[in-house]
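Summary of structural features
Now for the letters of each chain:
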Amino acid sequence: MSFSIGIVGLPNVGKSTLFKALTKKQVPAENFPFCTIDPNIGIVEVPDERLLKLTQISKSEKTIPTAIEFVDIAGLVKGAHKGEGLGNKFLSHIREVDAIAHVVRDFENSNIQHVENSVDAKRDKEIILLELIMADLATVEKRLKDAHSQAKGGDKIAIKAVSALEKIKAQLDSEHMASDANLSDEEKFAIRDLQLLTQKPILTVVNVAEEDANREPKNENEIIISAKIESELAELSDEDARAMLKDLGMNQSGLDKLITASYRLLNLITFLTSGPQESRAWTVENGSTAPQAAGKIHTDFEKGFIRAEVIGYDDFVKYNGELGAKEAGKMNLEGKEYIMQDGDICHFLHN
Ligand SMILES: Nc1nc2c(ncn2[C@@H]2O[C@H](COP(=O)(O)OP(=O)(O)O)[C@@H](O)[C@H]2O)c(=O)[nH]1
Ligand SMILES: [Mg+2]
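Below you will find a few notes about this structure.

Rules and cut-offs
Each chain carries its own residue numbering, running from 1 in the direction its sequence is written. Here chains are named by letter from A upward and ligands by number from 1 upward, in the order in which they appear as written. Where local features are concerned, this predicted model is filtered to residues with pLDDT of at least 70; where side-chain atom pairs are given and counted, the filter is 80 or more; whole-chain, interface and lining totals use all residues. To obtain the side-chain values, all non-hydrogen atoms of the structure were used and water was disregarded. A run of DSSP states H or I qualifies as a helix once it reaches four residues; a run of E qualifies as a strand once it reaches two. Both are numbered from the N-terminal end. As defined in this context, the radius of gyration uses C-alpha atoms, and a globule is described by 2.2 Å times the residue total to the power 0.38. A 1.4 Å probe rolled over the protein chains alone gives each residue an accessible area, and that area as a share of the maximum for its type sets the label: buried under 20%, exposed over 50%, partly exposed in between. Only the protein chains shown count as cover for residues, with accessible areas throughout obtained via the Shrake-Rupley method and a probe of 1.4 Å. Counted charges follow a simple rule, with Lys and Arg positive, Asp and Glu negative, and His plus the chain ends left uncounted. In plain terms, the charge of a residue is placed at NZ if it is Lys, CZ if Arg, CG if Asp and CD if Glu. By convention in these notes, a residue is near a molecule or strand provided one of its non-hydrogen atoms lies within 4 Å of it. Pairs of N or O atoms within 3.5 Å make up the polar contacts considered here, provided that, within protein, one atom can donate a hydrogen while the other can accept it, and that residues adjacent in sequence are counted only when both atoms are side-chain atoms. Among buried residues, those of type Ala, Val, Leu, Ile, Met, Phe, Trp, Tyr and Cys that are joined through side-chain atoms within 4.5 Å constitute a nonpolar core. Segment limits for the domains were obtained from an automatic or database-derived domain assignment. Only heavy atoms matter for contacts: two residues are in contact if any of them lie within 4.5 Å across the pair. Only when DSSP finds a minimum of two bridges between them are two strands counted as paired. With axes taken as lines fitted to C-alpha atoms, and helix axes fitted only over the stretch in contact, angles between N-to-C directions fall between 0 and 180 degrees. Whenever Lys or Arg places a side-chain nitrogen within 4 Å of a carboxyl oxygen from Asp or Glu, that contact is recorded as a salt bridge.

1. Considering the overall build of the chain
- When helices and strands are tallied, the chain shows 13 helices and 12 strands.
- Its C-alpha atoms give the chain a radius of gyration of 23 Å, near enough to 20 Å, the size a compact globule of 351 residues would have.
- Each of the three principal axes of the chain carries a C-alpha extent, and together these read 65 × 60 × 35 Å.
- A buried classification covers 47% of the 351 residues belonging to the chain.
- Of the roughly 18700 Å² that the chain leaves accessible, carbon and sulfur atoms contribute 48%.
- Of note, the chain has its 42 positive side-chain charges centred 3 Å away from the centre of its 57 negative side-chain charges.

2. Section: the site of ligand 1
- Close contacts around ligand 1 come from 14 residues, with N12, K15, S16, T17 and N207 the closest.
- Within the backbone of G14, a nitrogen or oxygen atom sits 3.1 Å from an oxygen atom of ligand 1.
- In the model, an oxygen atom of ligand 1 is placed 3.0 Å from a nitrogen or oxygen of the N207 side chain.
- Coverage of ligand 1 by the protein chains reaches 73% of its 570 Å² of free accessible surface.
- Among the elements that line the shell around ligand 1, the one with the most residues is helix 1 (residues 15-23), at 3 residues.

3. Brief notes about the nonpolar core
- Counting 50 residues, the largest nonpolar core has I68, F70, I94, V205 and L258 as the members making the most contacts within it.
- When residues of this core are sorted by domain, at least three fall in each of domain 1 (4-47 + 64-115 + 200-265) and domain 2 (125-198).
- Look past the residues within four positions of V205 in its chain and what remains in contact with it is L18, A101, H102, V103, V104, I223, I225 and L258.
- If you look at the next biggest cluster of nonpolar residues, it comprises 20 residues, including A158, L172, A190 and L196.

4. Quick look at the sheet that holds strand 2 (residues 41-45)
- Across the sheet, 6 strands lie side by side as 2-4-1-5-6-7; this open sheet has mixed pairing. Edge positions in the sheet fall to strand 2 and strand 7 (222-225), since each of these pairs with one other strand and no more. Sheet twist, expressed as the mean angle between neighbouring strand axes with direction ignored, is 25 degrees.
- Sheet topology note: the strand 2/strand 4 (residues 67-72) ladder contains 5 bridges and is antiparallel. When the bridges of strand 4 are listed, E45 appears paired with A67.
- Helix 1 rests against strand 1 (4-8), strand 2, strand 4, strand 5 (99-106), strand 6 (202-208) and strand 7 of the sheet, and its axis sits at about 150 degrees to strand 4.

5. Some words on the pairing of strand 10 (residues 305-311)
- Of all 7 residues in strand 10, 5 are buried, a share of seventy percent or more.
- Alignment of strand 10 against strand 11 (residues 332-334), held across 3 bridges, turns out to be antiparallel. The partner of E309 across the bridge, within strand 11, is L333.

6. Observations regarding the side chain of T283
- Within the secondary structure layout, T283 lies in strand 9 (residues 278-285).
- At 2.5 Å, the side chain of T283 forms a polar contact with the side chain of T66.
- Within the local environment of T283, its side chain forms a polar contact with the side chain of Y263, the two groups lying 3.1 Å apart.
- What T283 contacts, discounting residues up to four positions off in sequence, is F3, T66, A67, Y263, L268, I269 and K296.

7. Observations concerning the side chain of E230
- Relative to the assigned elements, E230 resides in helix 7 (residues 227-234).
- It is K257 that comes nearest to the buried, bridge-free E230 among opposite-charge side chains, at 6.9 Å.
- A polar contact is formed between the side chain of E230 and the backbone nitrogen of L255, at a distance of 3.3 Å.
- When near neighbours in sequence (up to four residues on either side) are disregarded, E230 contacts L18, A21, M250, S253, G254 and L255.

8. Details of the pattern of salt bridges
- For the coordinates displayed, the defined rule picks out 13 salt bridges.
- A salt bridge links R50 to D48, with the nearest nitrogen and oxygen atoms 2.9 Å apart.
- With its nearest N and O atoms 3.4 Å apart, the salt bridge here joins E210 to K228. Here E210, found in the loop between strand 6 and strand 7, pairs with K228, found in helix 7; they are 18 residues apart in sequence, far enough to count as distant.
- Using a relative accessible area of 36% as the deciding quantity, one classes E210 as partly exposed.

9. Describing the environment of H93
- Inspection of the secondary structure assignment puts H93 in helix 3 (residues 87-95).
- In the structure, H93 is positioned 87 residues away from G6 in sequence and 8.2 Å away in space, judged by C-alpha atoms.

Quick look at the structure:
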């Protein structure tokens, strides 16, 4: 199971162009046997230089990156929450993703129609956000009715749900996101299955003209991309793509920016396994324990967890692999409580 990012935005802003470029980086499906095959879903590898280094050091036969899933979600227009366009069908697709990449158009081109008839990224951002807010408001009001009647019966969780929903409703009513509501842990628990759209992390992807591709983003929740450049890069070999990036004065492709920003937005970290058979990257949420990480490899590893042998990435490189690091005393034995660190190279012992 990989984490998924839904690509949303008004029509003709470059969503599918970006998605098509992304799918050129699809990982081979055999490494991810449980994924659904769907033309609107692309599972792409998370770029990580460390993995190549591990492959060299361990002389691994295979290198398997970790992956993240992108979904091209079409059909959002003004009024979607009232059923305009694909309306609620579209909104239900967004409910299933872990985070949202919102593409806004910031390039002029008179041949490509803009649904609002002019290019204004700030306005477009507000239109989409308002749709998500209105959809959430409908969800919250519906749930609030049920929660009220359960709370009357004295149900403790329902009482917490009512207070959570009222706090969220106040935010939504003033056109703020549900994630702006300040909820206690108990309140969060009471509404944990609600799947509100504006509780998800949102990354704004500004699709700019080619000559603006090096523009700096306004904040850490925004990235600048030229979908046109990305679609050209996607057609090239790795080597040619690197040369083109260099010519453009870019140190990273927009897609790599998008993938790494999504990873950060979801608060994910990578741990690694490495040996002669394969070097492989795995994803866990930041703050996960060693048994939870082991469970990513196999559920039995989590259930039967005994301990983890952990080497930090820098030590692994410095001492030229597992054996060297172990001899230098840099392999630590960690128990059930250990919190995984980004770049940990692990070997899990289990029964
Ligand atoms: N000039 C230019 N055209 C683009 C760019 N991104 C997308 N387009 C064009 O805009 C049109 C709509 O793009 P598409 O990706 O289908 O938009 P979607 O409706 O958001 O999926 C297509 O003709 C694309 O070729 C871009 O960055 N620059
Ligand atoms: Mg499209």
